[in-house]
Amino acid sequence: MGTGTVEFTTENFGEKTSGDGITFVDFWASWCGPCVRFAPVYERAAEANPDITFGKVDTEAQGELAAHFNIQSIPTIMAIRDGVIVYAQPGALPEVAFTDLIQKVRELDMEQVKADAKAA
């Protein structure tokens with residue numbers, strides 16, 4: 001785990017993801033080749049965006065958490081903004097695509113997102 005990332009566990013996940021702000025979550029495992037290859041991209045993004053929380057969930061050690069979010073494939077990247085999951089997709093993203101995703105999450109109109117969620 002790099003200096004820019006936080007280990008998420010069943011115990012701290014809710015506390016770390018329910019407040020205001022942006023949190024990214026990387027569901028991964030040490031035996032997963034794409035996870036290992038994506039790790040440096042995730043670390044660089046964490047270092048370049050110190051105002052965002054970047055957490056990692058080891059699906060082997062935190063099976064309960066992975067099951068709660070129905071993680072079927074790893075890596076799965078999740079973005080949470082102001083306590084709302086705004087993105088969750090399996091697959092390692094190329095660095096350019098991940099940087100673009102971070103920018104899109106920053107630009108979200110959360111009032112509209114919350115209004116849409118209530119209407120659904």
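This report concerns the structure included in the present document. (Residues numbered from 1 in each chain as written. Predicted model: local features only at pLDDT ≥ 70, side-chain atom pairs only at ≥ 80, totals over all residues. Heavy atoms only, no water.)

The next subject is the overall build of the protein. Along the protein, the regular secondary structure elements total five helices and five strands. The linear arrangement of helices and strands in the protein, starting from the amino end, is β-α-β-α-β-α-β-β-α-α. Rg of the C-alpha trace for the protein: 14 Å, near the compact-globule value of 14 Å for 120 residues, within the 12% margin. If you line up the protein on its principal axes, its C-alpha atoms span 40 × 30 × 20 Å. When burial is assessed residue by residue, the protein has 40% of its 120 residues classed as buried. In the protein, the 9 positive side-chain charges and the 18 negative ones have mean positions that sit 4 Å from each other. (Helix = DSSP H or I, 4+ residues; strand = E, 2+ residues; numbered from the N terminus. Rg over C-alpha atoms; globule rule 2.2 N^0.38 Å. Buried < 20%, exposed > 50% of the residue type's maximum accessible area, 1.4 Å probe, protein only. Lys, Arg positive; Asp, Glu negative; His and termini not counted. Charge placed at Lys NZ, Arg CZ, Asp CG, Glu CD.)

The final tally for this structure, using the stated rule, is one disulfide. Between the sulfur of cysteine 32 and that of cysteine 35 lies a disulfide, 2.4 Å long from S to S. Because the torsion about its S-S bond is 80°, the bridge between cysteine 32 and cysteine 35 counts as right-handed. With a relative accessible area of 2%, cysteine 35 lands in the buried category. (Disulfide = S-S within 2.5 Å.)

Spatially, β1-β3-β2-β4-β5 is the arrangement adopted by the five strands of the open sheet, whose pairing is mixed. Single-partner strands in this sheet number two, and they are β1 (5–7) and β5 (84–90). Neighbour to neighbour, the strand axes of the sheet diverge by 25° on average, direction disregarded. Bridge count between strand β2 (residues 22–28) and strand β4 (residues 76–81): six bridges; the pairing is antiparallel. If you follow phenylalanine 27 over to β4, its bridge partner there is threonine 76. Packed on one face of the sheet, helix α2 (residues 33–48) meets β1, β2, β3 (53–58) and β4 and runs near 160° to β3. Packed onto the sheet, helix α5 (residues 110–119) meets β4 and β5 and runs at close to 85° relative to β5. (Pairing = 2+ DSSP bridges. Axes fitted to C-alpha atoms, helices over the stretch in contact; angles between N-to-C directions. Contact = heavy atoms within 4.5 Å.)

A word on the packing of aromatic side chains. Per the stated rule, a full pass over the model turns up ten aromatic pairs. Ring plane angle 80° and centroid distance 5.4 Å describe the contact between phenylalanine 24 and phenylalanine 98, whose orientation is recorded as edge-to-face. Placement of the pair is phenylalanine 24 in strand β2 and phenylalanine 98 in helix α4 (residues 95–107), with a sequence separation of 74 residues. Given a relative accessible area of 0%, phenylalanine 24 falls into the buried group. Sitting above the plane of the tryptophan 28 ring, lysine 56 keeps its charged end 5.2 Å from the centroid. (Phe/Tyr/Trp six-rings, centres within 6.5 Å; stacked < 30°, edge-to-face > 60°. Lys NZ or Arg CZ within 6 Å of the ring centre and 35° of its normal.)

Our next topic: α2. In an α-helix there are 3.6 residues to a turn, and that puts residues three or four apart on one side. Between the first and last C-alpha of α2 there are 24 Å, a value that for 16 residues agrees with the 22 Å anticipated at 1.5 Å per step. Most pronounced at alanine 39, the bend in α2 amounts to some 30°, and the proline proline 40 follows within four residues. For α2, every residue scored as buried is listed here: Cys35, Phe38, Val41, Tyr42, Glu43, Ala45 and Ala46. Check the buried side of α2 and you find it contacts β1, β2, β3, β4 and α4. (Expected span 1.5 Å × (residues − 1). Bend = angle between axes of the 7 residues up to and from the residue.)

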